[in-house]
Amino acid sequence: MLKKVLLISIFILNALGSRGQSLSSHLSGYDTLSLQDLMNIKITVASVTELTAKESPAIVSTITSDDIKAMGANELMDVLKLIPGFQFGVDVEGIVGLSVRGNWSHEGKVVLLYDGQELNEGLYSTLQFGNHYPVQNIERIEIIRGPGSSMYGGYAAHAVINVVTRTAKQNLEYQASARYDVSEGVNTGKGTNLYGGIKTKSGNSFNLQASQNSTQRSLSKYYDAFGNNYSMENESWIKNSLINLNGSISGIKLTAIYDDYLVNERDEYQELAPGNVPLKFKSFWSEIKYDWQVNSRLKISPKINYKNQSPWKYTTDDTLNLNSALFDISSERISFNLNSIYTPTSKISISGGASYFSDKSTQNIEESFFQSNNAKTLEYGNFAVYGQALFQVLKMNMIAGCRYNNNSRFASTIVPRLGFTKSNDQYHFKALYSKSFRSPSTLNIDLADHIKPEVTGVLEIEGGLKTNENGYLTINAFHIQTKDPIIYYFNELTQSDSYINASNTGSSGFELDYRYKKNKLTATTSISYYAILEKEEMSIFSFADQENEHIGIAPIKLNALVKYSIGKEVSVSATLNHLSSREGIDKIDDQSNQLITKTYKPFTEVNLFTEYSPSHIKGLSLSFGCTNILGQQTYYIQPYNNYHGALPGLGRNFQFKITFQNF
């Protein structure tokens, strides 16, 4: 299968004359910019040096604030649904996670940076999606669809998501917005978001973002694999409060973020809980950074980061006194980083640095201890050095780099990065090879007898072609293989979480996207496809009769985003998210106690939004939207075999929003 995919992809690339551009930007709604202007926006997510998405040594997507408005997005999950290869599934306890290019990436395989802060929690390295990570004050999102460990460390095997929020560009800027959602006559969500920023004449700045949002996961019934069920209406509220402070004083940059996330759930691990179990995630991140411009060629940037988290927390004080509910572990990390970039000539850029972090986790329940050391605390340290060189040869960008990582509990790891890119106004081409690693996190270590880091190798090629003055076509092909993947499973004998290193897993496939912009119309369409590796022997990620796909992850995904401006006051946009059929768990047979699987039919989500900005009231905008217009049943399927039922999402939902701003 892999050979067929690569041959097809190479044939298409040759047909394009080795020309291309990645989905460097989902629909960017800057009406005053041409398609070429938008494609020349500089980004740094794939290299320290500023490059356009066509030049960057990675498969890159960028999303602007105008894109986010066109999507009608309220939180990050709404945006990521429209990224090629990105899908969502349920883990346990009502938590929804991300898969990338056909691979379950929930635990430590995707890093999320929010104004430079690594948001992954420190116990399992997961990210929690669904009414989390607000987007109203985001300026842009840069995404690497592929490995990023050589730059970002051990959480970046499959993707990097870099979120940059707004900072003031004039004396005083402010924004306020409120939303209200309704489905089937029931309130399904509401929220408020505030932003204020100031920039002084001397260049100092201060910015404050505060948001509070609540959403119901679903109004449907949830069925576990044993036939138990409950109505999720008013039992599945997800609540989030976030405060983000950042500023710059005399070149010193300061950031502080507080996040309070609450999920009401009953699905637990396999069988329903008898009542609602509130699951809490509280986090605090902070950073101090200084950019020292030594001279015109050399910049050195030291920084210190601190984060303190209490993820997956529920105790006997606010649950049903379930044995499994006794979970309260705090995680603390302090990091020291020194980064540098040296540009001796206009055609050579050398970047590198070193980092060290110390992790400490603490059992806060009196009778609980870590099983690996029979102590209340578990600690380890990690040191890394990294570097890469980017240089131009014969009008091509060549890149070579590596990262050396040494964890106090494991053998050292070296991951290389190689590639070249070539581009001009008419086409571009990329050939990339990277390795990435993931060291086990705190509870991976504690809940396994023997565990070691996993290593992922990724080969990518990409090409694209400017079809005319208004359109650009791109295709990329990828091959991903992970050795010794760190796998979670629920141990029924001990009734606890457990981890092992399993055999190889991975995927191969392609992603194709087309982008069009002319006058008042902008549009992006994409299709992505994956198949599992021919020699894969993973039983937990696929059922015995599955040959080409992983559990719960659709092999084919189609997305579209279209925006049309009607005069200066009204715009209309529509989005499409289509998933092909998926395999998942249905139920456990009562008599044979055997697992019965189910094919979930293809799912098509169509959303429509309109925005009105009256010219006589400067700064005011009113928007109305309808998500899942077709009213199809949304399911988040567990992408591994652990006897968890599919978690329903919302059906047809109506959204009202009002925003006022002075920029």
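Residues numbered from 1 in each chain as written. Predicted model: local features only at pLDDT ≥ 70, side-chain atom pairs only at ≥ 80, totals over all residues. Heavy atoms only, no water.

1. Description of the sheet that holds strand β4 (residues 86-90)
Put simply, the rule reads: Pairing between two strands is assigned when DSSP locates at least 2 bridges connecting them. A run of H or I in DSSP becomes a helix once it reaches four residues, and a run of E becomes a strand once it reaches two; helices and strands are each numbered from the N terminus.
Across the sheet, three strands lie side by side as β4-β5-β6; this open sheet has antiparallel pairing. Bordering the open sheet on either side are β4 and β6 (103-104), each of which pairs with just one other strand. Relative to β6, strand β5 (residues 96-100) is paired through two bridges, and the arrangement is antiparallel. Counted as the bridge partner of V100 is N103 from β6.

2. Some points on the pairing of strand β32 (residues 521-532)
To keep it simple, the criterion reads: Using a 1.4 Å probe on the protein chains alone, a residue whose accessible area is under 20% of its type maximum counts as buried, one over 50% counts as exposed, and one in between counts as partly exposed.
In terms of burial, β32 is a largely internal element, nine of the 12 residues being buried. Inspection of the sheet shows strand β31 (residues 505-518) paired to β32 by 12 bridges, in the antiparallel sense. Looking at the pairing, Y516 lines up with A523 of β32. Hairpin connection of β31 to β32: two residues between the antiparallel strands, including N519 at a positive phi of 55°. As paired elements, β32 and strand β33 (residues 556-566) share nine bridges and run antiparallel to each other. For T525, the partnering residue across the bridge sits in β33 and is A560.

3. A word on the packing of aromatic side chains
The condition is simple: Here a Phe, Tyr or Trp ring, Trp counted by its six-membered ring, pairs with any other such ring whose centre lies within 6.5 Å, and the pair is stacked when the planes are under 30 degrees apart, edge-to-face when over 60, and tilted otherwise. Counting as a charge over the ring demands two things of the Lys NZ or Arg CZ atom: a distance within 6 Å of the ring centre and an angle within 35 degrees of the ring normal.
With the rule as written, the count across this model stands at 17 aromatic pairs. Their ring planes at 75° and their centres at 5.8 Å tell us that Y124 and W312 sit as a pair that is edge-to-face. Of the two residues, Y124 is situated in the loop between β8 (117-118) and β9 (138-145) and W312 in strand β20 (residues 298-313); the sequence distance between them amounts to 188 residues. When its relative accessible area of 6% is taken as the criterion, Y124 is described as buried. Ring centres 5.7 Å apart and planes at 70° place the aromatic pair F129 and Y133 in the edge-to-face group. Take F129 and Y133: they sit in the same class, and that class is buried. An aromatic cluster is defined as three or more aromatic residues linked by ring pairs; in this entry it consists of W104, Y124, Y261, F281, W312, Y488, Y499 and Y640. Taking NZ or CZ as reference, R166 lies 3.7 Å from the ring centre of F663, over its face.

4. Looking at the pairing of strand β38 (residues 620-627)
As paired strands, strand β37 (residues 603-612) and β38 are joined by five bridges and run antiparallel to one another. Residue F609 lies in a different strand from β38, and its bridge partner there is G625. Where β38 and strand β41 (residues 653-661) come together, eight bridges link them in antiparallel fashion. In the strand pairing of β41, L620 is matched with F660.

5. A few points about the sheet that holds strand β3 (residues 60-64)
The mixed open sheet is built from five strands, whose spatial order is β3-β9-β10-β7-β8. What marks the edges here is a single partner per strand, and that holds for β3 and β8. Bridge analysis of strand β7 (residues 110-114) against strand β10 (residues 159-165) gives five bridges, and the strand direction is parallel. Directly across from Y114, in β10, lies its bridge partner V163.

6. Section: the nonpolar core
As a reminder of what qualifies: To define a nonpolar core, start from buried Ala, Val, Leu, Ile, Met, Phe, Trp, Tyr and Cys residues and group those joined through side-chain atoms within 4.5 Å. Two residues qualify as a contact provided that any one of their heavy atoms is within 4.5 Å of a heavy atom in the partner residue.
One finds L76, L80, F86, F129, I141 and I161 to be the most contacted residues of the largest nonpolar core, which totals 41 residues. Broken down by secondary-structure element, the contributors of at least two residues to this core are α3 (65-71), α4 (76-80), β4, β5, β7, β9 and β10. Examining the composition of this core, we find that four residues originate from one element, α4, more than from any other. With near-sequence residues (within four places) excluded, F129 lies in contact with L76, M77, L80, F88, V96, G97, L98, R217 and Y261. If you look at the next biggest cluster of nonpolar residues, it comprises 36 residues, including Y269, I329, F410 and Y499.

7. Side note on the pattern of salt bridges
To keep it simple, the criterion reads: For salt bridges, the criterion is a side-chain nitrogen of Lys or Arg within 4 Å of an Asp or Glu carboxyl oxygen.
According to the stated counting rule, one finds 20 salt bridges in the structure shown. A salt bridge links R333 to E118, with the shortest nitrogen-to-oxygen separation between them at 3.1 Å. One end of the pair, R333, is in strand β21 (residues 329-345); the other, E118, is in strand β8, with 215 residues separating them in the sequence. Across the pair, E118 and R333 agree in class, each one buried. Ionic pairing is found between E142 and R140, a salt bridge with its closest N-O pair at 2.9 Å. Of the residues examined, E142 reaches a relative accessible area of 0% and is grouped as buried. Taking the relative accessible area as the measure of exposure, R140 reaches 28% and is therefore partly exposed. Each of R101, R145, E460, E511 and D513 takes part in one network of salt bridges that share partners.

The values are spatial; any link to function lies outside them.
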